[in-house]
Amino acid sequence: MSRFIATALAATMLVPVAAHAEGQIEVLHHWVSQSEVDALNVIRKELEAKGFEWKDSAVGGMSGANAQQALRSRLTAGNPPGAMQFLGWEGVQWAEQGVVRDLNDLATAGGWREALAPQLLPFVTSGEAFIAAPINMHRQNWVWANRKLFDDAGVAVPKTWAELIETGKTLKEKGIVPVAMGDEPWQIGIIFDALLSDINGPEFYQKTAIDLDPEALGSPEMVKVFDMLREVRGLVDDNFVGRDWAVATGMVINGEAAMQFMGDWAKGEFLAKGLKPNQDFYCFATPGAVTSFQYLIDSFGMFTVSDETVQKAQVALAETIMDPKVQKGFNLIKGSIPARNDVSVDDFDDCAKLGYQERAAAIEKGSMQGAITHGFAAKPEFASVFSDVAAQFFVGKMSSEDAVKMLVSGIDNAR
């Protein structure tokens, strides 16, 4: 049995079904790692305490792409789930097709708009409709490092990308895998997104990732981004093909590798093992002259269904997700921070507090950025071009100049 299937089945069995359920709701999502399952159970338990049964449909892999494919098949067959996890523009696009329930009455009564950062609203609203309930805010551009390996190698937390590369080379010379990762395009994209802003500044990120400015896309500055991405590839072991992100996190946890570039969902894996920030592992932002906060949110939308018991369960689920107590409990486990801006992080770990502080600073400096890789910058038809080019470059022998040409051409063809 595969790890994904086993974990998904475990997720289904971890929480007992509520007796005399008021109704059942099937929830389609892509959370299958241990920390993700544990966090999700905070929502499940609260929902089932209200008398509603949660039917779990977990489809892991490809950062949600597999789950979206499953959803398309379900909608084509006229059998949508009651609720679905959304990333980026996914919810808005489904809402435009008229298949997502409007939660505006709940949002108005619950003051949801006032409780969320304005940057999030374009991803959970469509026109006047409120189409998804956000549970968290992740930061994508983190580096996670094994402190013991750093200490034993005599290296410190790097302050620049040049220092990071040199740190990696030092570790490699000592027989340590510097960077753990897989070859999935989205894992590569996390590094590419960070480099866009860190190497050339947040203005360059705006011009390229959001404005799709042709001059910036084809500039020498973009060549520098690919040059640094090639340097990072030299720090990755040759067994990275097919490696899941959580497996890579486990390599850092177990001392098999020194660092991982990953969003703060990786922190949940460290915490699940009882490890503590700054004692057992380091957490720091990818090193730019201006520190950026590249965000993504997970939200849940409800599909239009005729079954009144499912409709009642949808209301209960949406209200549960937006409950401040649930947001706090969920995010303490998941590694993220609450989507609501009125939930205190005083009880959170040091990494979460650092992220919270750096998010505030990034808002002031204009460096709070939606992550391309997870669908919070350019629309999907353009984001896929960034992803494809970065991935082909990373796993192949393409020159930086040729990668830039491919990127410019791909964006032009997608316009």
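These figures come from a predicted structure and were not determined experimentally.

A. Geometry of unusual backbone geometry. Its identity as a non-glycine residue notwithstanding, Leu212 has a phi of 55 degrees, on the positive side. Examined against the element boundaries, Leu212 turns out to sit in the loop between α11 (202-210) and α12 (214-217).

B. Summary view of a negative patch on the surface. A surface patch of like charges, here negative, comprises Asp227, Glu231, Glu401 and Asp402. Elements supplying a minimum of two residues to the negative patch: α13 (220-233) and α20 (400-414). Along the chain, the position of Asp227 falls in helix α13. Given the relative accessible area of 38%, Asp227 is considered partly exposed.

C. Highlighting the nonpolar core. The biggest cluster of nonpolar side chains holds 136 residues, and the ones touching the most others in it are Met222, Phe226 and Leu317. Among the elements that line this core, the one with the most residues is helix α19 (residues 380-395), at 9 residues. In terms of domain composition, this core takes at least three residues from each of domain 1 (2-139 + 296-355) and domain 2 (142-294 + 356-414). Those residues within four positions of Leu317 in sequence are excluded, and the remaining contacts are Ile25, Val27, Ile43, Leu47, Trp54, Ala83 and Met302.

D. A look at the packing of helix α9 (residues 161-173) against α13. With their axes 10 Å apart at the nearest point, α9 and α13 run at an angle of 20 degrees to one another. Classified by the angle their axes make, α9 and α13 are roughly parallel. For the pair α9 and α13, the crossing hand works out as left-handed. Counted together, Trp161, Ile165 and Lys169 of α9 and Met228, Glu231 and Val232 of α13 form the full contact between these two elements. Of the residues assigned to the contact of α9 with α13, the class counts are 4 nonpolar, no polar and 2 charged.

Conventions adopted
- Residues numbered from 1 in each chain as written.
- Predicted model: local features only at pLDDT ≥ 70, side-chain atom pairs only at ≥ 80, totals over all residues.
- Heavy atoms only, no water.
- Helix = DSSP H or I, 4+ residues; strand = E, 2+ residues; numbered from the N terminus.
- Patch = residues over 30% accessible without salt bridge, like charges linked within 9 Å, V, L, I, M, F, W, Y side chains within 5 Å.
- Areas by Shrake-Rupley, 256 points an atom, 1.4 Å probe, with all protein chains shown as cover.
- Salt bridge = Lys/Arg side-chain N within 4 Å of Asp/Glu carboxyl O.
- Lys, Arg positive; Asp, Glu negative; His and termini not counted.
- Charge placed at Lys NZ, Arg CZ, Asp CG, Glu CD.
- Buried < 20%, exposed > 50% of the residue type's maximum accessible area, 1.4 Å probe, protein only.
- Core = buried A, V, L, I, M, F, W, Y, C linked by side-chain atoms within 4.5 Å.
- Domains from an automatic or database assignment.
- Contact = heavy atoms within 4.5 Å.
- Axes fitted to C-alpha atoms, helices over the stretch in contact; angles between N-to-C directions.
- Parallel < 35°, antiparallel > 145°, perpendicular 65-115°, else oblique.
- Left-handed = near helix turned anticlockwise from the far one by under 90°.
- Nonpolar A, V, L, I, M, F, W, Y, C, P; charged D, E, K, R; others polar.

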